[in-house]
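# A structural walkthrough
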Amino acid sequence: MAAMKRGLELHRRAARESLEQWRQRPVANGLTTAVIGIALALPAGFFILTDNLQAVSANWQGAPKASVFLVPGAPTASHEATARAVEAMDAITAVELIHPDEALEAFEKAAGMSETLAMLETNPLPAVVVGEIRQGLTSADIDRLTERLAALPDVDEVQVDREWLQRLNAVVAMIDRISLLIASTLALAVVLVVGNTIRLDIENRRAAIEISKLIGGTDAFVRRPFLYTGLWYGAAGGLLALFILMIGLLAMAGPARELAAIYDGIQPPGGPGLSSALTIIGSGLALGLAGAWLAVGRHLAEIEPR
């Protein structure tokens, strides 16, 4: 118990000493912290973007629809029969039949071309059967469903609103890979920046280290304050990264809300939650400690009292 209390006291002293040393160089430490904060904020921003895009994809994938366009001029009885055939399919949960007159009326309201359309002798628009596809179908299942719909009598074309979702998912996957690559590269950069800063700190305190070793100070005793210095760099960089992310999200809040209002059903993008914030700060602490350990392990053994 006494040894444990002594160990905790040594850690407390080392943490306090390193913090005091760290606060005595505000400009240099501020620049290093800025580099760490930017290096942590950039991949974190990409990961937040990926999470929001995945949320958008999940919301829209819940109810994809298949539009079955009938041959122009097909009789009304064929419209009803096709709608019943589509509704009978297991993969379809709901069906809406849009007759040619209804489609023309909706087009007139949307396009504002009532006078031009009134000049047409016949209605060029076909009847459309819109079916809501059941959730959880795979791409192969939707392909088979499309083939079955296209094989129905008097069907001219089938369109499934999944192509943009496939493109979105491909973009999300690409951004995710890019985020991992950027995160790995910048993590290495943070380790090197912290390691180089700690190396310079070791060189500046060479005389004090030699004296400590001369009077019996162990490598662990000498190493401890530098490791805590790396932790302070990581913690400050993580907090700065969160600040940068919040500023960026506030700057994008207005356009994001407008975009969410245009596409009904899409939630405005969210910021980092508690788990994400702790992950960012924890990553900063881990990288700061790794950089300090790398520098101390390499350069401290070279310093011996003469």
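Not measured: the values here are computed from a predicted model. (Residues numbered from 1 in each chain as written. Predicted model: local features only at pLDDT ≥ 70, side-chain atom pairs only at ≥ 80, totals over all residues. Heavy atoms only, no water.)

### Remarks on helix α6 (residues 139-150)
Counted only if it meets this: Every helix listed is a DSSP run of H or I at least four residues long, and every strand listed is a run of E at least two residues long, numbered separately from the N terminus. Helix span is expected to be 1.5 Å times the residue number reduced by one. Relative accessibility thresholds used throughout: buried, under 20% of the residue-type maximum; exposed, over 50%; partly exposed, between the two (1.4 Å probe, protein chains only). The reported arc concerns the directions from the helix axis to the C-beta atoms and nothing else. In what follows, residue pairs with any heavy atoms lying within 4.5 Å of each other are defined as contacts.
For α6, built from 12 residues, the straight-helix expectation of 16 Å at 1.5 Å per residue is met to within 8% by its first-to-last C-alpha distance of 17 Å. Listing the buried residues of α6 in full gives I142, L145 and L149. Angularly, the buried residues of α6 cover 60° about the axis, an arc narrow enough to put them on a single face. The elements touched by buried residues of α6 are β1 (65-70), α3 (76-87), β2 (92-98), β3 (128-133) and β4 (155-160).

### What about the sheet that holds β3?
Using the following cut-off: When DSSP finds two or more bridges between a pair of strands, those strands are recorded as paired. Inter-axis angles, ranging from 0 to 180 degrees, are taken between N-to-C directions of lines fitted to C-alpha atoms, where helices are fitted over the stretch in contact.
Read from one edge to the other, the open sheet built from four strands follows the order β2-β3-β1-β4, with strand pairing classed as antiparallel. Looking along the sheet, the strands with just one partner apiece sit at the ends: β2 and β4. Adjacent strand axes in the sheet meet at a mean angle of 20° when their direction is disregarded. Pairing of β1 with β4 involves five bridges; the strand directions are antiparallel. Looking at the pairing, L70 lines up with V155 of β4. Strands β1, β2, β3 and β4 of the sheet are contacted by α3, whose axis makes an angle of about 165° with β2.

### Concerning the nonpolar core
Which entries qualify depends on this criterion: Within this scheme, the nonpolar core is defined by two criteria: the residues are buried Ala, Val, Leu, Ile, Met, Phe, Trp, Tyr or Cys, and they are joined through side-chain atoms within 4.5 Å.
Formed by 28 residues in total, the largest nonpolar core has its most connected members in I198 and F226. For this core, the secondary-structure elements that each account for two or more residues are α2 (26-61), α7 (163-204), α9 (219-262) and α10 (274-299). For this core, the element with the most residues is α9, which contributes eight residues. Apart from the residues within four sequence positions on either side, I198 is in contact with F226, T229, G230, Y233, A292, A295 and V296. Ranked by size, the runner-up nonpolar core spans 18 residues in total, among them A66, L70, I142 and V155.

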